[in-house]
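Each chain is listed here by its residues.
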Amino acid sequence: MLKKNLWISVAVALMAGVAGLVVLVTASRLGAEGGRPPRGAGPSRQGAVQGEDPAPVPGSEVEKKILAVLDDMLLNQRRGMMNVSPEDGRLLRLLTEAVGAKHVVEIGTSNGYSGIWFCLALRTTGGKLTTHEIDEGRASLARENFKRAGVADIVTLVMGDAHETVKNVKEPIDILFLDADKPGYNDYLNKLLPLVRPGGLILAHNTSMGRQMEDYLTAITTNPKLDTLFVYKEGAGIAVTLKKRESK
Ligand SMILES: C[S@@+](CC[C@H](N)C(=O)[O-])C[C@H]1O[C@@H](n2cnc3c(N)ncnc32)[C@H](O)[C@@H]1O
């Protein structure tokens, strides 16, 4: 009898331990505060923890409103939208602000998630976003999202097959972001590279799907007028390509 009770106690203790571990892992993945996924690359609490990215701290009401919409989209609209991750979005914002971009061209709007990250930067640089989408359903969601984030006035959403619609882009481009059909990246590059200003960037998402864009990867790594670095390789992968300025 004593032996049987001992076994029952051991089994109960083991089960409690496993359940505790599951709760801990789930809480840390979702962000411990109210089951929300972490905003950005880090935990939802603010302040740097060694080895982790802190959540963005809004510096103005405009930024606060935009980040709130991004959080909401992440929680409630993500399914089927193929959005960049929050970490990738933050990188897009950081690069856009760092180069002082006045004109970002995006291929593949979806519901506007990455576009709104760009707009977070463009609000401070005084720039604008031109974004291309082929799917009317996703485009109409994007229009709503741009409105509620308060950035609709700096966005032009172009409907149609971007392989055709990009032919109408005439203005210089500071940042070109490729995030639509992967085998089409090289065609977009050939059509738009002449418009990217020297010192501008071409960002390509999902470079971990390398086999679908081999010609693109060859182009950006062999052209002496370009310099490319692959970042976030453990995730979707982003190729960050600089269109070099002429040496003086
Ligand atoms: C990966 S999703 C874009 C996600 C978006 N950049 C974000 O992070 O929120 C790719 C989008 O490209 C669109 N797309 C695919 N082929 C296209 C084409 N030829 N022209 C325009 N848009 C295209 C798809 O409809 C889809 O919405």
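Residues numbered from 1 in each chain as written. Predicted model: local features only at pLDDT ≥ 70, side-chain atom pairs only at ≥ 80, totals over all residues.

S.K.: Give me the overall build of the protein chain: which residues, what numbers.
M.R.: Each helix and strand counted, the protein chain has 8 helices and 7 strands in total. Counting across all 248 residues of the protein chain, residues that qualify as buried make up 34%. The long-range fraction of contacts in the protein chain, counting pairs at least 24 apart against all pairs at least 6 apart in sequence, stands at 67%. (Helix = DSSP H or I, 4+ residues; strand = E, 2+ residues; numbered from the N terminus. Buried ≥ 20, exposed ≤ 12 C-beta atoms within 10 Å, placed from the backbone. Contact = placed C-beta atoms within 7 Å.)

S.K.: Describe the site of the ligand, with residues and values.
M.R.: In the vicinity of the ligand lie 19 residues, with G108, S110, Y113, S114 and A162 positioned nearest. Those elements that provide at least two residues to the shell around the ligand are α4 (113-125), β2 (128-133) and α6 (162-165). For the shell around the ligand, the residue count by class is 6 nonpolar, 7 polar and 6 charged. (Near = placed C-beta within 6 Å. Nonpolar A, V, L, I, M, F, W, Y, C, P; charged D, E, K, R; others polar.)

S.K.: Please provide a residue-by-residue account of unusual backbone geometry, values included.
M.R.: Despite not being glycine, M82 shows a phi value in the positive range, around 55°. Looking at the secondary structure, you find M82 in the loop between α2 (61-76) and α3 (86-98). Despite not being glycine, S110 has its phi angle at roughly 55°, a positive value. Within the element layout of this structure, S110 appears in the loop between β1 (103-107) and α4. Accessibility expressed as a C-beta count within 10 Å gives 24 for S110, which makes it buried.

S.K.: Can you explain the pairing of β2? Please cite residues and give values.
M.R.: In terms of burial, β2 is largely enclosed, as 5 of its 6 residues are buried. Here β1 runs beside β2; their pairing, made up of 5 bridges, is parallel. Counterpart to E106 in the pairing with β2 is T131. Handedness of the β1-α4-β2 crossover: right-handed. Relative to strand β3 (residues 155-159), β2 runs parallel, the two being bridged by 5 bridges. When the sheet's bridge partners are listed, H132 is paired in β3 with V158. Considered for its hand, the β-α-β crossover made up of β2, helix α5 (residues 136-148) and β3 is right-handed. (Pairing = 2+ DSSP bridges. Right-handed = clockwise from strand over helix to strand, strands pointing away.)

S.K.: Tell me what's going on with the confidence of the model for the protein chain, and back it up with residues and numbers.
M.R.: Taken as a whole, the protein chain shows an average pLDDT of 85; of its residues, 79% reach a score of 70 or greater. Counting interchain partners and residues more than four positions distant, the pLDDT-below-50 stretch residues 10-45 has 41 contacts. (pLDDT = per-residue confidence, 0-100.)

S.K.: I'd like a rundown of α2, residues and numbers included.
M.R.: An ideal rise of 1.5 Å per residue puts 22 Å on 16 residues; α2 measures up with 22 Å between its terminal C-alpha atoms. Inspection of α2 places I66, L67, V69, L70 and M73 among the buried residues, and these make up the whole buried set. Along the axis of α2, the buried positions cluster into a sector of 155°, meaning they face one direction only. Of the residues in α2, the exposed ones pointing more than 90 degrees away from the buried face are E61, K64, L75 and N76. Those residues of α2 that are buried are in contact with α3, α4 and α5. (Expected span 1.5 Å × (residues − 1). Arc of directions from axis to C-beta.)

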